[in-house]
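# Structural overview
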Amino acid sequence: MEIRWESLTGHKTQVRELMTLLKEGRLPHALLFTGMTGIGKKLCGQILAAAILCGHDDAPCGICENCRSLMANAHPDYYELIPEVRGKSTRIIRIESIREMQTAVSRSAVQAGRRVVLIDDADTMNEPAANSLLKTLEEPEGQVTFILIARDRSGLLDTIVSRCMPLDFGPLTHDEVKQELIQRQLPEEEAEKLAYLADGSLGQALKLSQHGGLELRDDALAFLTALPAYALPRLWKDAAEKGEMDRESLMEWVGYLNMLLRDMLLLYEDGGTALLYNGDLREPLVGLLPAFSKGKLFAMQGETREFLRRLQANVNLRLQLEGYFIRLMDC
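The structure displayed is predicted, hence computed values, not measured ones.

The grouping of Leu232, Trp236 and Ile326 at the surface amounts to a nonpolar patch, some 250 Å² of accessible area in total. Residue placement: tryptophan 236 occurs in helix α11 (residues 232–243).

Before going further, it helps to examine the nonpolar core. Leu181, Leu224, Trp253 and Phe325 are the most contacted members of the largest nonpolar core, which has 51 residues in total. At 11 residues, helix α12 (residues 247–269) tops the list of elements feeding residues into this core. In this structure, Leu8, Val15, Leu70 and Tyr78 belong to the second largest nonpolar core, which totals 29 residues.

Our focus in this paragraph is the side chain of threonine 145. Looking at where threonine 145 falls in the secondary structure, it is placed in strand β4 (residues 144–150). Leave out the neighbours within four places in its chain, and threonine 145 touches Pro28, His29, Leu31, Ile52, Arg114, Arg115, Val116 and Val117.

Here we come to the packing of aromatic side chains. Throughout the structure, instances matching the rule amount to eight aromatic pairs. When the ring of phenylalanine 33 is compared with that of phenylalanine 169, the centres are 5.1 Å apart and the planes differ by 50°; the resulting orientation is tilted. Highlighted residues: phenylalanine 33 in strand β1 (residues 30–34) and phenylalanine 169 in the loop between β5 (165–168) and α7 (174–183), separated in sequence by 136 residues. The exposure class assigned to phenylalanine 33 is buried, which follows from its relative accessible area of 0%. Given the relative accessible area of 4%, phenylalanine 169 is considered buried. On the basis of an interplanar angle of 35° and a centroid distance of 4.8 Å, the ring pair of phenylalanine 223 and phenylalanine 325 is categorised as tilted. Pair noted here: phenylalanine 223 is in helix α10 (residues 213–226) and phenylalanine 325 is in helix α15 (residues 317–330), with a separation of 102 residues, a long-range link. Of the two residues, phenylalanine 223 and phenylalanine 325, both sit in the buried class. Aromatic rings pair up to connect Phe223, Tyr230, Trp253, Phe307, Tyr324 and Phe325 into one cluster. Over the ring of tyrosine 277 we find arginine 262, and its NZ or CZ is 4.0 Å from the ring centre.

Definitions and cut-offs
Residues numbered from 1 in each chain as written. Predicted model: local features only at pLDDT ≥ 70, side-chain atom pairs only at ≥ 80, totals over all residues. Heavy atoms only, no water. Patch = residues over 30% accessible without salt bridge, like charges linked within 9 Å, V, L, I, M, F, W, Y side chains within 5 Å. Areas by Shrake-Rupley, 256 points an atom, 1.4 Å probe, with all protein chains shown as cover. Salt bridge = Lys/Arg side-chain N within 4 Å of Asp/Glu carboxyl O. Helix = DSSP H or I, 4+ residues; strand = E, 2+ residues; numbered from the N terminus. Core = buried A, V, L, I, M, F, W, Y, C linked by side-chain atoms within 4.5 Å. Buried < 20%, exposed > 50% of the residue type's maximum accessible area, 1.4 Å probe, protein only. Contact = heavy atoms within 4.5 Å. Phe/Tyr/Trp six-rings, centres within 6.5 Å; stacked < 30°, edge-to-face > 60°. Lys NZ or Arg CZ within 6 Å of the ring centre and 35° of its normal.

Dropping the structure here:
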């Protein structure tokens, strides 16, 4: 685990605020970090946890027993909770996980004199889990700090949000993402392309680089290119194939399709715009414009946003894809 503030890309204002709270002894018992996926919220929470358990002013010292234990992912007073995936179902934090955490933190701290609980993707808690966590936040036992990580506050109970100090994290700049990729030994040209595609998310840029993201984007372009001549036999075939994808990869594919639609709308307004996510695909996207009116592109974006929302639930992927593809044809 990285435990240095310097290892966090961007978010200098948020780091300064946290360091001030630590130094002045005003850190609340529960914090909520919100912002888009892949921008460093969880890393910031882990570094904050290290600083709390280290107890060395406003930053982890890196040399004490607490710091060494955290760096080895073996600190007995640090508890990290992540969503569970069962089969092809959506990622969920269930009440069983919350109860396990509650049992662990009810015991006396072993090493640091206090405990820290980090709940990643807290907005994936189902209702029983959220209600159970609320009781713990209302009546915490002993010296324990809760750090909740979420995309936005709307996915959490208002009563949970009200018991946390909120801290919003914005997207990283293009240059911050690019420079971090270059530091990770990526060629500058590739880092430039990935930084544009990442839309402020370093995690997204790394996923593109390491896990076939560019191939998914190219497949989304191939689908968009074929859509004007789409026929039902191909629709059933594509829905069946993509229905076998894991949910996260499918959501990523749909996200790239949405980026392509957005770029085409920008090209309608200004063919020379520098604001494209997919600047390397300018020519093929311009070539597609005659087959897609602005009204059709806006309608397709609306259907895509709705489809992404449905994918958050535990739905049959193939059936949802068939309906989505049919609606795109009818836009």
